[in-house]
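The primary structure of each chain is shown beneath.
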Amino acid sequence: MNIQAAYDTWSQTYDTDRNLTRDLDQAVTRKILAGLSSRSIVEIGCGTGKNTLWLSQIADSVHAIDFSQAMLEKAKAKVNSANVTFAVGDITKSWNCSDASADLITCNLVLEHILDLSLIFSEASRVLVQGGYFFVSELHPFRQYQGTKANFQNNQETIEITAFTHHISDFMNAAKRHGFTLEDFQEWWHENDQSKPPRLATFLFKR
Ligand SMILES: C[S@@+](CC[C@H](N)C(=O)[O-])C[C@H]1O[C@@H](n2cnc3c(N)ncnc32)[C@H](O)[C@@H]1O
């Protein structure tokens with residue numbers, strides 16, 4: 001099953017499955033971004049809109065992109081805000097956003113599915129205004145080294161979704177090559193994660 005088909009299938013249970021990574025991501029995103037005042041947000045890989053509704057409350061507008069129609073349908077059912085637009089799009093291609101049109105780009109639990117980070121940082125750099133922020137929250141590579149990938153149950157079968165390992169230095173180097181500086185880096189554990197490696201890594205880059 002390719003990545004897009006996997007998310008079309010997972011969309012039916014994504015919000016209701018037990019998923020500590022999803023829940024931790026939601027909590028840390030609010031913690032980190034609550035202090036930023038944004039006018040225009042682009043959310044790439046918005047999925048079922050888990051973070052979209054909250055983003056719409058801290059900005060004038062949110063443009064949310066995903067390549068899974070079925071995930072987007074769930075998001076649209078959840079988020080009925082006049083300041084949110086949704087678009088079907090593959091973020092490894094040019095984004096349907098004007099140059100310098102956003103002051104915050106958010107990307108949660110998506111980049112493990114993207115082989116070439118430089119495509120993403122290049123588009124983020126084009127779409128952000130000077131001084132804008134690019135927030136990335138990802139499964140920590142330490143977990144990937146242990147073999148963890150995004151996965152879900154479908155008809156009693158575990159479906160593992162194609163994932164690529166990006167080391168911390170891969171994020172830093174891609175960011176640097178595209179003119180970003182690192183404002184904040186943190187590692188996060190769920191409260192059930194005692195004595196395990198960190199579950200999430202978050203980066204706040206500034207253009
Ligand atoms: C684990 S979900 C995360 C969804 C949401 N950001 C969240 O935190 O709940 C990953 C999402 O990335 C999307 N995605 C993966 N690769 C993509 C691509 N190349 N273009 C657009 N969306 C993509 C999937 O369709 C899926 O909705």
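Let me begin by describing the structure that accompanies this report.

Cut-offs used in this document
Residues numbered from 1 in each chain as written. Predicted model: local features only at pLDDT ≥ 70, side-chain atom pairs only at ≥ 80, totals over all residues. Heavy atoms only, no water. Helix = DSSP H or I, 4+ residues; strand = E, 2+ residues; numbered from the N terminus. Buried < 20%, exposed > 50% of the residue type's maximum accessible area, 1.4 Å probe, protein only. Contact = heavy atoms within 4.5 Å. Lys, Arg positive; Asp, Glu negative; His and termini not counted. Charge placed at Lys NZ, Arg CZ, Asp CG, Glu CD. 1 Å grid on protein atoms, 1.4 Å probe; cavity = no way out; pocket = protein on both sides within 12 Å on 5 of 7 lines; lining within 4 Å. Points joined across faces, edges and corners; volume = space filled by probe spheres on them. Nonpolar A, V, L, I, M, F, W, Y, C, P; charged D, E, K, R; others polar.

Attention now goes to the overall build of the protein. Helix and strand counts for the protein come out as seven helices and nine strands. The principal-axis extents of the C-alpha atoms in the protein amount to approximately 45 × 35 × 30 Å. The 207 residues of the protein split such that 50% are buried. Residue pairs in contact within the protein that sit at least 24 positions apart in sequence constitute 68% of those at least 6 positions apart. Across the protein, the mean location of the 19 positive side-chain charges is 2 Å away from that of the 24 negative side-chain charges.

Taken as a whole, the largest pocket encloses approximately 900 Å³ of empty space. As for the largest pocket, its lining consists of 42 residues, and the residues nearest its centre are Y7, W10, Y14, N19 and A150.

What follows deals with empty space enclosed by the protein. Applying the stated criterion across every chain, the model contains one cavity of 30 Å³ or more. By volume, the largest cavity amounts to about 40 Å³. The wall of the largest cavity is formed by E112, E138, L139, P141, Q144, F164, H166 and F171. For the lining of the largest cavity, the elements supplying multiple residues, two or more each, are β5 (128-139) and α6 (141-145). In the lining of the largest cavity, the residues fall into four nonpolar, two polar and two charged.

These figures capture arrangement, not role.
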